[in-house]
Amino acid sequence: MNYIQGGVTAPKGFKASGVHCGIRKNKTKKDLALIVSEVKGTAAAVYTQNLVKGAPLTVTKNNIEDGFAQAVICNSGNANTCNANGIEIAEGMCALVEKHTKISAKDVIVASTGVIGQPLDLSPIANGMNELVSNLKEDGSVDAATAIMTTDTVMKECAVSFTIDGKECRMGGIAKGSGMIHPNMATMLVFVTTDVSISAELLKKALSDDVKDSFNMISVDGDTSTNDMVSVIANGMAGNKEITKENEDFEIFKNALSEITCKLCRMIAKDGEGATKLLECNVKGAKDIHTAKTVAKSVICSSLFKAAMFGADANWGRVLCAIGYSGADVDVMKVDVSFESKSGSVDVCKNGAGIDFSEEIAKKVLTEDEIKINISLGEGEGFATAWGCDLTYDYVKINGDYRT
């Protein structure tokens, strides 16, 4: 498994583009993205569990019900959520793709991100389609990744190469996500492409299994968005024998998908709104995986602990507090806690009680921009990792006037 350049256009047969069409007032920011495959591929997606869902999710779910797709169109600046004509607009976006690319509207994954409850006019999208399609290129991943950003401060993309059936295969992804991040079976907006040949059934299984350990294990602010979606298109152009069974090739595919999704998870968590630090909570020694996941997410979701990490304060009591109210069946008298970064590590709790440690060393460890919270529960083999970020003054500033 090797990391390579190219994002969603790293796999064979994919092109992408991104332009400013006029949805966003700031003309320097792209607001419309397109990803297309040379041929139709199998497709799968997972969606937010929020009862309030953006219209694009409904349209996408209907479009890929047959397990196939060939293109992705996404706008930023407007979520197309809670609009009376939302379905009409989302379907209109798919129709525009068909008009300008000849790809069937029913083979289009459509997404929107931005402000909720604001009417979305199809006119700027229609006016921008000629430029969007003419700009499609084999190195257009960055343009597409930039066009789906909202409050993101950095573009998020990655890609890997690997071998299946003696063929070089590639997989790439782009993501947007900075706030309203607390997923339930999906997250933010993530688009993954691959040239692997795999059945729609197994692609769906691979994605559904993966999000349980990747996107469902990150949180920035505890809010589950209305437009969260992760989608994958596999066009088969690598030339491998189609994966139709849960065999060794399927495991290789799942490992590649995990590399992409976990890499994007870290990028999203580190770029949390106003964040200055990536928090990675590793829990081991749990009775089972469910217990480990419950504990890890409780810690990285704790506002008090997140604030302590912003201040580089080794307030380990907040870790114990979060474990205690997590609902997990844990013997707190067996809990060990340590903090770790590239500046070193420091043990702060043993068997549920505080121990002597150097505040100076702890401050040095916690001043870094990536911090690991290592927790041992001492009761079994269960292990899990969750990602989050610190809570800063800027989070309130960003969200205090986000709409206006």
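Located above this text is the structure these notes cover.
A brief look at the structure comes next. Not measured: the values here are computed from a predicted model.

## Topic: the overall build of the protein
Here is step 1 of the chain: Assigned secondary structure in the protein consists of eleven helices and 15 strands.
Here is step 2 of the chain: Over its C-alpha atoms the protein spans a radius of gyration of 22 Å, differing by no more than 12% from the 22 Å that the globule rule assigns to 404 residues.
Here is step 3 of the chain: Relative to its 404 residues, the protein shows a buried fraction of 56%.
Here is step 4 of the chain: At a minimum sequence separation of 6, the contacts of the protein that also span at least 24 residues come to 81%.
Here is step 5 of the chain: When the accessible surface of the protein is totalled, it reaches about 16,600 Å², and 48% of it is carbon and sulfur.
Here is step 6 of the chain: Across the protein, the 42 positively charged side chains and the 52 negatively charged ones have centroids separated by 3 Å.

## Here's the deal with the nonpolar core
Here is step 1 of the chain: Within the largest apolar cluster, 73 residues are counted, with the highest numbers of intra-cluster contacts made by V337, F339 and I375.
Here is step 2 of the chain: Element by element, the count of residues in this core is highest for helix α6 (residues 248-270), at nine residues.

## What to know about the packing of helix α5 (residues 200-211) against α6
Here is step 1 of the chain: Look at α5 against α6: their axes get within 10 Å of each other, and the N-to-C directions meet at 45°. Accordingly, the angle class assigned to the pair α5 and α6 is oblique. Once α5 is placed against α6, the crossing between them reads as right-handed. Across from L202, L203, K205, A206, L207, D209 and D210 in α5, the residues of α6 making contact are F250, F253, K254, L257, S258 and T261.
Here is step 2 of the chain: Looking at the contact of α5 with α6, its residues break down into seven nonpolar, two polar and four charged.

## Details of the sheet that holds strand β10 (residues 278-286)
Here is step 1 of the chain: Read across the sheet, six strands follow the order β13-β12-β11-β14-β10-β15 without closing on themselves; strand pairing throughout is mixed. Edge positions in the sheet fall to β13 (353-354) and β15 (382-389), since each of these pairs with one other strand and no more.
Here is step 2 of the chain: Here five bridges tie strand β11 (residues 336-341) to strand β14 (residues 370-376), and the two strands are oriented antiparallel to one another. In the strand pairing of β14, F339 is matched with I373.
Here is step 3 of the chain: Across the sheet, α6 touches β10, β14 and β15, and the angle it forms with β15 is around 40°.
Here is step 4 of the chain: The sheet strands contacting helix α7 (residues 289-301) are β10, β14 and β15, and the helix crosses β15 at an angle near 20°.

## Regarding unusual backbone geometry
Here is step 1 of the chain: Of note, N80 is a non-glycine position whose phi angle comes to about 45°, a positive value.
Here is step 2 of the chain: Note that N80 resides in the loop between β4 (68-78) and α2 (86-101).
Here is step 3 of the chain: At A312, a position not held by glycine, the phi torsion is positive, near 55°.
Here is step 4 of the chain: In this fold, A312 is placed in the loop between α8 (303-310) and α9 (317-324).

## As for the packing of helix α1 (residues 55-63) against α2
Here is step 1 of the chain: Where α1 contacts α2, the axes come no closer than 8 Å and their chain directions differ by 55°. Taken together, the axes of α1 and α2 are oblique relative to one another. The interaxial crossing formed by α1 with α2 has right-handed handedness. Here α1 contributes A55, P56, T58, V59 and N63 to the contact with α2, which in turn contributes G86, I87, A90, E91 and C94.
Here is step 2 of the chain: Considered class by class, the residues forming the contact of α1 with α2 number six nonpolar, three polar and one charged.

## A look at the environment of N62
Here is step 1 of the chain: Assignment of secondary structure puts N62 in helix α1.
Here is step 2 of the chain: With 45 residues separating them in the primary sequence, N62 and D107 have C-alpha atoms 9.8 Å apart.

## Re the layout of surface pockets
Here is step 1 of the chain: Each pocket or cavity is described by its volume, and for the largest pocket that value is around 550 Å³.
Here is step 2 of the chain: Taken together, 16 residues make up the lining of the largest pocket; nearest its centre are R24, K25, G77, V115 and Y402.
Here is step 3 of the chain: Those elements that provide at least two residues to the lining of the largest pocket are β4 and β5 (108-115).
Here is step 4 of the chain: Of the residues that constitute the lining of the largest pocket, the class distribution is three nonpolar, eight polar and five charged.

## What to know about the environment of K287
Here is step 1 of the chain: Its place among the elements puts K287 in the loop between β10 and α7.
Here is step 2 of the chain: When its relative accessible area of 41% is taken as the criterion, K287 is described as partly exposed.
Here is step 3 of the chain: For the pair K287 and D329, spaced 42 residues apart in the sequence, the C-alpha separation amounts to 8.4 Å.
Here is step 4 of the chain: Beyond its immediate chain neighbours, meaning those up to four positions away, K287 contacts D329, E379 and G380.

## Some thoughts on the packing of aromatic side chains
Here is step 1 of the chain: Applying the stated rule across the entire model yields two aromatic pairs.
Here is step 2 of the chain: Residues F310 and Y393 carry aromatic rings whose centres are separated by 5.2 Å and whose planes lie at 90° to one another, so their mutual orientation is edge-to-face. With F310 in helix α8 and Y393 in helix α11 (residues 393-400), this residue pair connects regions lying 83 residues apart in the sequence.
Here is step 3 of the chain: Seen from the ring of Y3, K263 lies directly overhead, with NZ or CZ sitting 5.4 Å from the centre.

## Here's the deal with the pattern of salt bridges
Here is step 1 of the chain: All chains considered together, the criterion is met by 15 salt bridges.
Here is step 2 of the chain: In this structure, the salt-bridge partner of D213 is K293, at a minimum N-O distance of 2.8 Å. Taken as a pair, D213 in the loop between α5 and β9 (229-234) and K293 in helix α7 lie far apart in primary sequence, 80 residues in all.
Here is step 3 of the chain: Taking relative accessible area as the criterion, D213 reaches 45% and is therefore assigned partly exposed.
Here is step 4 of the chain: Of the charged contacts in the structure, one is a salt bridge between K342 and E368, with a shortest N-O distance of 3.9 Å. Note that K342 is positioned in the loop between β11 and β12 (344-350) and E368 in the loop between α10 (359-366) and β14, a separation of 26 residues in sequence.
Here is step 5 of the chain: Among the charged side chains, a salt-bridge network with shared partners connects R266, K270, E280, D369 and E370.

Rules used in this analysis
- Residues numbered from 1 in each chain as written.
- Predicted model: local features only at pLDDT ≥ 70, side-chain atom pairs only at ≥ 80, totals over all residues.
- Heavy atoms only, no water.
- Helix = DSSP H or I, 4+ residues; strand = E, 2+ residues; numbered from the N terminus.
- Rg over C-alpha atoms; globule rule 2.2 N^0.38 Å.
- Buried < 20%, exposed > 50% of the residue type's maximum accessible area, 1.4 Å probe, protein only.
- Contact = heavy atoms within 4.5 Å.
- Areas by Shrake-Rupley, 256 points an atom, 1.4 Å probe, with all protein chains shown as cover.
- Lys, Arg positive; Asp, Glu negative; His and termini not counted.
- Charge placed at Lys NZ, Arg CZ, Asp CG, Glu CD.
- Core = buried A, V, L, I, M, F, W, Y, C linked by side-chain atoms within 4.5 Å.
- Axes fitted to C-alpha atoms, helices over the stretch in contact; angles between N-to-C directions.
- Parallel < 35°, antiparallel > 145°, perpendicular 65-115°, else oblique.
- Left-handed = near helix turned anticlockwise from the far one by under 90°.
- Nonpolar A, V, L, I, M, F, W, Y, C, P; charged D, E, K, R; others polar.
- Pairing = 2+ DSSP bridges.
- 1 Å grid on protein atoms, 1.4 Å probe; cavity = no way out; pocket = protein on both sides within 12 Å on 5 of 7 lines; lining within 4 Å.
- Points joined across faces, edges and corners; volume = space filled by probe spheres on them.
- Phe/Tyr/Trp six-rings, centres within 6.5 Å; stacked < 30°, edge-to-face > 60°.
- Lys NZ or Arg CZ within 6 Å of the ring centre and 35° of its normal.
- Salt bridge = Lys/Arg side-chain N within 4 Å of Asp/Glu carboxyl O.

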